[in-house]
Amino acid sequence: MTIYRGTALDTPDSPFTGGALRAESDAGIAVTDGVITDRGPFSRIRAAHPDAEVVDLTGGVVLPGLVDTHVHFPQVRVIGALGMPLLDWLDRCALPEEARMADADYARAVAAEFVDGLIRAGTTTALVFGAHFASAVDFLFERAAASGLRVNAGLVVSDRLLRPELLTTPEQAHQDGLALAGRWHRKDRLRYAVTPRFSLSTSAPMLESCAALLRDVDGALFTSHVNENTAEVDTVRGLFPECASYMDTYGRYRLLGRRSVLAHNVHPTDGELDQLAAAGASVAHCPSSNSALGSGLFPLRRHVEHGVRVALGTDVGAGTSFSLLREGLQSYFMQALLGADGLPLTAAHMLYLATAAGAVALEMDGEVGDLSVGKQFDAVWVGPEPGGTLDVVLEHAADPDDALAKVFALAGPSDVRGVWVGGDRLR
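Since the model is a prediction, treat every value here as computed from it, not as a measurement.

1. Thoughts on the confidence of the model for the protein chain
Phase 1: Mean pLDDT over the protein chain: 97, with 100% of residues reaching 70 or higher.
Phase 2: The weakest mean pLDDT in the protein chain belongs to helix α2 (residues 86-99) at 95; the strongest belongs to strand β6 (residues 66-72) at 99.

See below:
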């Protein structure tokens, strides 16, 4: 047994439905075989387990491991390409880079950079958009397995309107996806995710192929993009005149369900929100990407009022970093900019979106997402540099909510001093 001592902050109950920040200023978290077996005031935990090793994480805060519900493995090296809307950015930056994943040495190197970026930012679980090449997805899974991260990912498939080298057939997509799932699904801390790029680049037969793969791989996730950019929305509606909406291109082919996560959804209709809620699907909100590409302001209030689950994604590389702390702050800014249409966020809301909400979206909330007894010890220690600005403001924080707000305002990967997944220290 190991006891971790520090200021523990988490959100076991959603602040969107009345939950509040749970805070213990001198907590003891007892962990046995990677699972939290006791939690409470350090004095009580230490007295109950006098022979246990103590890991001192005082100074800063201990948070649940961060959960990223939308991030692109092949796009690490194009972070920061600004000044373009979505479709131009794809053509000029993202897709040429993704074509380079056909080269084994290149893909292997990017996989290492990607996994390292997640760990440095304190991300312990991620739903990852893989690559268009099965060999590159193998490299991603290999690196993730070696690191100890919880990674859900899959082959990205398209059969139209992209660069020719990124296209495949519905038959080949199903065959390659099934083979990848056979090698990696539910191995170590990995899970397969069926991943059409978006309906703009996937025909009806390809979506049918994805639905077949989702049925064939028990427990697989489904992820794609939806309603990110108005030009994209208009194009998809033209390609699927038989569908009631962009969302319906997924619903019609039985791709919406409890383990479905759709990225962005900046421009939904009320009918689409009802469809998401009825399916039990979730939305990955990616505020820095939406801002960088000028896609729009995410209508969080409308999602919550319709009963749609929402979590955070970094959307690297249109997103500007791997840091979900930064995304939490950006989500706060975005809702403030919406004025009366926005949903004002507290620090507890931001933490929930970056942790427990992601666990719920990925149907992993029985294992991770908060620091409760019975959960895996997935945790992040944010420990500021002594004398730095974050250290100064934390010392003068009025209460735990204020301290957490300051963490979201100022902390970044350089302040992440410890990362654990299932009790294993990754950093």
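There is more to say, and it comes next.
2. Thoughts on the packing of aromatic side chains
Phase 1: Under the criterion given, the structure shown has 10 aromatic pairs.
Phase 2: Judged by centre distance (5.8 Å) and plane angle (65°), the rings of F114 and F322 are edge-to-face. Pair noted here: F114 is in helix α3 (residues 104-120) and F322 is in the loop between β14 (309-312) and α12 (324-337), with a separation of 208 residues, a long-range link. In this pair, the class of F114 matches that of F322, namely buried.
Phase 3: Aromatic pair F377 and W420: ring centres 6.0 Å apart, planes at 55°, arrangement tilted. Pair noted here: F377 is in the loop between α14 (356-361) and β15 (379-382) and W420 is in strand β16 (residues 416-421), with a separation of 43 residues, a long-range link.
Phase 4: By way of ring pairs, the aromatic residues Y4, F377 and W420 are connected into one cluster.
Phase 5: Across the ring face of Y106, the terminal group of R77 is positioned such that the distance to the ring centre comes to 4.6 Å.

3. Let's talk about unusual backbone geometry
Phase 1: Here V316 and G317 are connected by a cis peptide whose omega angle stands at 10°.
Phase 2: The residue G317 is located in the loop between β14 and α12 in this model.
Phase 3: Phi is positive for N227, close to 50°, though the residue is something other than glycine.
Phase 4: Topologically, N227 is positioned in the loop between β11 (221-226) and α7 (230-239).

4. Structural notes on the side chain of D370
Phase 1: The residue D370 is located in the loop between α14 and β15 in this model.
Phase 2: Reaching out from D370, the side chain makes a polar contact with the side chain of S372 at a distance of 2.5 Å.
Phase 3: A distance of 2.7 Å separates a polar atom in the side chain of D370 from a polar atom in the side chain of K375.

5. Structural notes on the environment of V310
Phase 1: By the secondary structure assignment, V310 is in strand β14.
Phase 2: Taking relative accessible area as the criterion, V310 reaches 10% and is therefore assigned buried.
Phase 3: Leaving out residues up to four positions away in the same chain, V310 has contacts with V283, H285, F298, L300, H303, L353 and A357.

6. Details of the side chain of S14
Phase 1: The residue S14 is located in the loop between β1 (2-10) and β2 (22-32) in this model.
Phase 2: Within the structure, the side chain of S14 is placed 3.0 Å from the backbone nitrogen of F16, a separation counted as a polar contact.
Phase 3: In this structure, S14 is in contact with G19 and Y352, ignoring residues within four places of it in sequence.

7. Some points on the nonpolar core
Phase 1: Judged by nonpolar contacts, the single largest core of 108 residues is most densely connected at F73, W89, F114, V128, Y192 and Y250.
Phase 2: In this view, Y192 contacts F141, A153, G154, L155, G177, L180, A181, H185, L213, V217, A220 and L221; residues no more than four positions away in its chain are not counted.

8. Digging into the state of the cysteines
Phase 1: Taken as a whole, this structure holds zero disulfides when the rule is applied.
Phase 2: C210 supplies the cysteine sulfur nearest to C243, a cysteine that is in no disulfide, at a spacing of 14 Å.
Phase 3: Lacking any disulfide linkage, C286 is separated from the closest cysteine sulfur, that of C93, by 18 Å.
Phase 4: You can call C286 buried: its relative accessible area is 0%.

9. A closer look at the pattern of salt bridges
Phase 1: Enumeration over the complete set of coordinates arrives at 21 salt bridges.
Phase 2: Across the pair R77 and E113 runs a salt bridge, and its minimum N-O distance is 2.7 Å. Remark: E113 occurs in helix α3 and R77 occurs in the loop between β6 and α2; sequence separation between them is 36 residues.
Phase 3: Using a relative accessible area of 39% as the deciding quantity, one classes R77 as partly exposed.
Phase 4: Residue E113 is classed as partly exposed on the basis of its relative accessible area, which comes to 33%.

Reading the values: the criteria
- Residues numbered from 1 in each chain as written.
- Predicted model: local features only at pLDDT ≥ 70, side-chain atom pairs only at ≥ 80, totals over all residues.
- Heavy atoms only, no water.
- pLDDT = per-residue confidence, 0-100.
- Helix = DSSP H or I, 4+ residues; strand = E, 2+ residues; numbered from the N terminus.
- Phe/Tyr/Trp six-rings, centres within 6.5 Å; stacked < 30°, edge-to-face > 60°.
- Buried < 20%, exposed > 50% of the residue type's maximum accessible area, 1.4 Å probe, protein only.
- Lys NZ or Arg CZ within 6 Å of the ring centre and 35° of its normal.
- Polar contact = N/O pair within 3.5 Å; in protein donor to acceptor, adjacent residues only side chain to side chain.
- Contact = heavy atoms within 4.5 Å.
- Core = buried A, V, L, I, M, F, W, Y, C linked by side-chain atoms within 4.5 Å.
- Disulfide = S-S within 2.5 Å.
- Salt bridge = Lys/Arg side-chain N within 4 Å of Asp/Glu carboxyl O.

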